[in-house]
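# Summary of structural features
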Amino acid sequence: MKDKVVIITGGSSGIGKALAVSFAKLGCKVAITGRNEERLNEVGKELDDLGVSNLCLRLDSSSEADNKQMVKETIKTFGRLDILINNAGISMRALFEEIDLDVFQKVMDINFNGTLYATKYALPYILESKGSIVGVSSINGYRGTPARTAYTASKYAMNGFFESLRTEVMHRGVHVLVACPGFTGTNIRNAALTADGTSQGHSPRDEGRMMTAEEVAEGIIKAIKKRKRDVVFTAQGKLAVLLNKLMPGRMDKIVFNVFAKEPDSPFGRK
């Protein structure tokens, strides 16, 4: 990993930040993006303290122009690109019948279109270096959950996109990994969008009982080193994926019952 050049979208917090620090400790050169300049600078300072070259770019992952600039600035600074981590993402929590369609589109723009744009502009350099493209997806990319229609759609789209892309480049030395964390203790549920696009501001789940961002980052880096096709984290996540293949109808009922018990569940009003 030493001297490899890594781009991480959404690298100012959560899994993205943990990945940035972990890659830096391995001697990589790291470029991160995010919309919060203060948090970006904090991560940049942490990377500086580790003595690694880094680039912090205040960019919007849902913007095609910003993704093009991200790759351009990385190549200008480091001269190459070895690993792209499509990590930027946002969640949502609202019934489909109640959600504003522009909120649905915003989730798709950040989670899927951002991945599409970043991969499009990074691919020529990844082909040159025979490097890795990583999508940080979710168990929701295998099993939909109620009140998360937009999030689920974005992750299914990501999984399908990478499956198709992988078969296009598999004989050209490029590694494509889809990483699917289970529930991870990050800010994503606090920032999840409600039906009108405002942040819900709290998590309906016990964050302390989840995987840490650092554990997810460690698992992703191990999978990159082994050039694995995909990785599903947590026993609960693996079980959900398996059961959804074996008995999808039964899983509909199980998943509904689990999510209906969440605090402030929208199903309580129905």
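Our structure is the block above this text.
Presented here is an overview of the structure given in this document. (Residues numbered from 1 in each chain as written. Predicted model: local features only at pLDDT ≥ 70, side-chain atom pairs only at ≥ 80, totals over all residues. Heavy atoms only, no water.)

### Remarks on unusual backbone geometry
For clarity, the threshold we go by: Secondary structure elements follow DSSP: runs of H or I of four or more residues count as helices, runs of E of two or more count as strands, with numbering from the N terminus.
At Lys130, a position not held by glycine, the phi torsion is positive, near 55°. Within the element layout of this structure, Lys130 appears in the loop between helix H4 (101-129) and strand E5 (132-136). Its identity as a non-glycine residue notwithstanding, Thr234 has a phi of 70°, on the positive side. Relative to the assigned elements, Thr234 resides in the loop between strand E7 (230-232) and helix H7 (235-246).

### As for the environment of Asp109
Rule in force here: Here a residue-residue contact requires only that any non-hydrogen atoms of the pair lie within 4.5 Å.
As for its position among the elements, Asp109 is in helix H4. C-alpha of Asp109 to C-alpha of Ala20: the two residues are 89 residues apart in sequence and 23 Å apart in space. With near-sequence residues (within four places) excluded, Asp109 lies in contact with Ser62 and Gly114.

### Re the pattern of salt bridges
To keep it simple, the criterion reads: Note on definitions: salt bridges are taken to be side-chain nitrogens of Lys or Arg within 4 Å of carboxyl oxygens of Asp or Glu. A 1.4 Å probe rolled over the protein chains alone gives each residue an accessible area, and that area as a share of the maximum for its type sets the label: buried under 20%, exposed over 50%, partly exposed in between.
All told, the structure shown has seven salt bridges when counted by the stated rule. A salt bridge links Glu46 to Lys17, with the nearest nitrogen and oxygen atoms 3.8 Å apart. Linking Glu46 in helix H2 (residues 37-49) with Lys17 in helix H1 (residues 14-25), this pair joins segments that are 29 residues apart in sequence. Residue Glu46 is classed as partly exposed on the basis of its relative accessible area, which comes to 32%. Residue classification places Lys17 among the partly exposed residues on the basis of a relative accessible area of 30%.

### Re a nonpolar patch on the surface
Let me state the cut-off plainly: Two distance rules govern patches: like charges are joined within 9 Å, and nonpolar side chains (Val, Leu, Ile, Met, Phe, Trp, Tyr) within 5 Å, applied only to residues with over 30% relative accessible area and no salt bridge. The accessible surface values rely on the Shrake-Rupley method and a 1.4 Å probe; as for residues, cover is taken only from the protein chains in view.
A cluster of nonpolar side chains, namely Leu239, Leu242, Leu246, Met247, Ile254 and Val258, defines an oily patch on the protein surface of about 510 Å² accessible area. If you list the elements that add at least two residues to the nonpolar patch, you get H7 and helix H8 (248-260). Here the nonpolar patch takes three residues from H7, the largest share from any one element. If you trace the backbone, Met247 turns up in the loop between H7 and H8. We classify Met247 as partly exposed; its relative accessible area is 31%.

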